[in-house]
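# Residue-level structure breakdown
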Amino acid sequence: MRSRLPGVVLCALSILAAGCRRGSPRNESFPSAPVVLISVDTLRSDRLPAYGYKGVETPAIDSLRRDSILFERAWSHVPLTLPSHASILTGLEPSGHGVRDNLGYRIRASVPTLTELLKKQGYETGAAVSCYVMKGDSGIARGFDLYDDAVESAEGQAALGEVQRAGPDTEARLEAWLASRSQDAKIFAFLHLYEPHTPYAPPEPFKSRYADRPYDGEIAHSDAIVGKFLTFLKARGIYDRAVIVFLSDHGEALGEHGESEHGMFLYRETLQVPLFLKLPGNKRAGETVAAPAALIDVFTTLAEAAGVSEFKRPEGSRSLLDPPGAAPRRILSETFFPRIHFGWSELFSLFDGRWHYIEAPRAEIYDVVSDPGQTNNRLAEKPDALRALLPEAQKRRPPYESAGDLDPEARKKLTSLGYLSAGPSSANAGDLADPKDRIATFEELRRGLGEFNLGNAQKAHAVFTKLLAENPRMLDVWDMNSKVLIQLGRPEEALAALKKTVELAPEAARQPYLREVANLCLQLGKWEEGEKHAEALRALGDPEAEDITARAALGRGDFAAAEPAARAAYEKGKGKVKVRGALVLGRLAVMKNDLAAAERWANEAAALSANDKVVQSGLHMLRGDVFARKGLAHEAEKEFLEEIRLYPARLDAQVSLATLYAAADRREDARRVLIRLVSRQPTPEAFLLAMRTFHQTEDPEGEKQLLLEARRLFPSDPRFRPGS
């Protein structure tokens, strides 16, 4: 890695005192000016040409920098996406707004957001975000007229932190919203891009151009997206009039200190971020500020620049336009990621522009001016700065907070399903392991994820199993191991692993994991268990509860219960929930032999998911059912086979295909499909379903063969005993 801190020599002394700014300082406000916030997630400042890096080309960002004030020492308060953006939009450190991790935490209701303040000033407000953890139910969407967070995974095949939407799609959503505003509207627009977050997979031409540096390729790709957005702003007459902030929420470790990615440590590579401020008419264009800036300063800067009435600065926050001469400051950063996800000690740090103190079971202090790579811990020398930093560190130490209280009814539902709270350790931080001593575990996890992404399920499972034997509290590893076990054809073990994620997650962060359990239950034909999980989700206020209830009722043949739940999912749901509601209504129409209605629902589901990269599970299944009922066997076969290719775990598609083959007197083909079904998913439910299909298609020999195998595999299951 190339480390570069421009201006250090010229400004080192003034950094420690009043700050250093080249150019004439002025504090200005721009009432009614358009306000634009561009956040490129996971972008470290020292990988941009604007900060001295030569390894990537970023013409759009370079152009914006020429029109802007650049802040050399911008610092994040937390190396995690949601908590950092919460700080940007509230002007508070994580302990102030209450969001300490990417899942389960919400911005406190008493804390106003920048969006809400601008909304009261008459601004129209729109945002488009690119990753799952920025979903609006965390409170991050408060005050937005549009908050486009339609980011969903393809049937749970990725870790939640990696579920993302392509940046060009996100940019197009926000561009469309802006295009619908009147030319003279007061607007606040927030664009969030997830490139260059992992996985580093830039498209062409950046993939080839940066073949040996995919992180840089992702940066070049994000630059192209930013460039398209800025071109649009100029064409709309917004750019010149606007206050524009360009930043990142946190950086990225590329192997430094043994860390890949971010979240675990608080070193400079994950905390120092790019920060530009462009003013209307390009005032003060090209200036550079070397004094430390904090991401909480963005809130104050934009609120004051927009002329928010009766605005009061949050404690510790400053305006990026403040003149030099302000008192020295120390920027607080934290990470509870090691504690919440691994049961290790949290970390926090103070940065004064030169000295960076990190509080840990084994504390550290670095002089980042002479040692920007932070390789020489000076703690044993007890430098003078330590005497000032240590007392303040003790005073400002952020307390650990759980994700919030769970509704008693929701807790009761979860307890009835066997989920007891086993979240983050409540031990004192000093009693927990130092993440520095456990970072090798992180590298093993990364190796396992690499094997998983390459399709080496057996190797990935071996890595994950070893990690869980050493530390059974690793929530994310249980989650990934469940996905590997599905690929290995061990669904019951996968379900057990997935249930561990619900147990380990903080209570208020359990919803996404509970959804995954419910959906896997449905894939395995465990309709009643899936429905019970839907009841727990309903108690948590989850909008997907109706969708899961509808599919579970359909699976067990209770069409009367399936229809109202599916209609509620379709009418009230968004995204895939709405699509799945339409698909269930289509399946119900097939059961009534109302093929015209079934076709309409199939077309509606297709239209709703037209922009999805992967066809929604169930769409080819519904089309196959319609063709089969019409007697179009060849067309039905093609649809069922495509459904199974895309979603090999779907039992109903395999049953429908086997039934189609039996009706066409293709007995051997039907038997092959059902034998393959139980081979891939050797569960009691799968055997019962296949046996029922053999019975209904009048194949007693096939039914008997499966019964004998089921008795061998599940000797204690009473459903397979003689006379059952």
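Residues numbered from 1 in each chain as written. Predicted model: local features only at pLDDT ≥ 70, side-chain atom pairs only at ≥ 80, totals over all residues. Heavy atoms only, no water.

## Topic: the overall build of the protein chain
The helix and strand inventory of the protein chain stands at 29 helices and 18 strands. Along the first, second and third principal axes, the C-alpha atoms of the protein chain reach 90 × 60 × 50 Å. The proportion of buried residues among the 724 residues of the protein chain is 58%. Restricting to contacts in the protein chain with at least 6 residues of sequence separation, those with at least 24 account for 68%. (Helix = DSSP H or I, 4+ residues; strand = E, 2+ residues; numbered from the N terminus. Buried < 20%, exposed > 50% of the residue type's maximum accessible area, 1.4 Å probe, protein only. Contact = heavy atoms within 4.5 Å.)

## A look at the packing of helix α14 (residues 439–453) against helix α16 (residues 475–487)
α16 packs onto α14 with a crossing angle of 30 degrees between their chain directions and a minimal axis gap of 11 Å. In this view, α14 runs roughly parallel relative to α16, as classed from their interaxial angle. Two packed elements cross with a definite hand, and for α14 against α16 that hand is left-handed. Counted together, Leu 445, Leu 449 and Phe 452 of α14 and Val 477, Met 480, Lys 483, Val 484 and Gln 487 of α16 form the full contact between these two elements. Each residue belonging to the contact of α14 with α16 can be placed in one class, and the counts come to 6 nonpolar, 1 polar and 1 charged. (Axes fitted to C-alpha atoms, helices over the stretch in contact; angles between N-to-C directions. Parallel < 35°, antiparallel > 145°, perpendicular 65-115°, else oblique. Left-handed = near helix turned anticlockwise from the far one by under 90°. Nonpolar A, V, L, I, M, F, W, Y, C, P; charged D, E, K, R; others polar.)

## Some details on the sheet that holds strand β11 (residues 272–273)
Read across the sheet, 3 strands follow the order β11-β4-β14 without closing on themselves; strand pairing throughout is mixed. One side of each edge strand has no neighbouring strand; the edge strands of this open sheet are β11 and β14 (293–294). Of the pairings in the sheet, the one linking strand β4 (residues 74–75) to β11 comprises 2 bridges and is antiparallel in character. In the sheet register, Trp 75 faces β11, and the bridge partner there is Gln 272. (Pairing = 2+ DSSP bridges.)

## Re the pattern of salt bridges
Summed over the entire model, instances satisfying the criterion amount to 64 salt bridges. With a shortest N-O distance of 3.3 Å, Asp 669 and Arg 672 are connected by a salt bridge. With a gap of 3 residues between them, Asp 669 and Arg 672 both fall in helix α27 (residues 667–680), about one helical turn apart. We classify Asp 669 as partly exposed; its relative accessible area is 22%. Three or more residues joined by partner-sharing salt bridges are found here, namely Arg 515, Asp 542, Glu 544, Asp 547, Arg 551 and Arg 580. (Salt bridge = Lys/Arg side-chain N within 4 Å of Asp/Glu carboxyl O.)

## Regarding the packing of aromatic side chains
Taken as a whole and judged by the stated rule, the model has 16 aromatic pairs. With 5.6 Å between their ring centres and 50 degrees between their planes, Phe 299 and Phe 311 make a pair best called tilted. Residue Phe 299 is located in helix α10 (residues 297–305), and its partner Phe 311 is located in the loop between α10 and β15 (331–335); the two are separated by 12 residues in the primary sequence. Following the ring pairs from residue to residue traces out a cluster consisting of Phe 144, Tyr 147, Phe 188 and Phe 190. (Phe/Tyr/Trp six-rings, centres within 6.5 Å; stacked < 30°, edge-to-face > 60°.)

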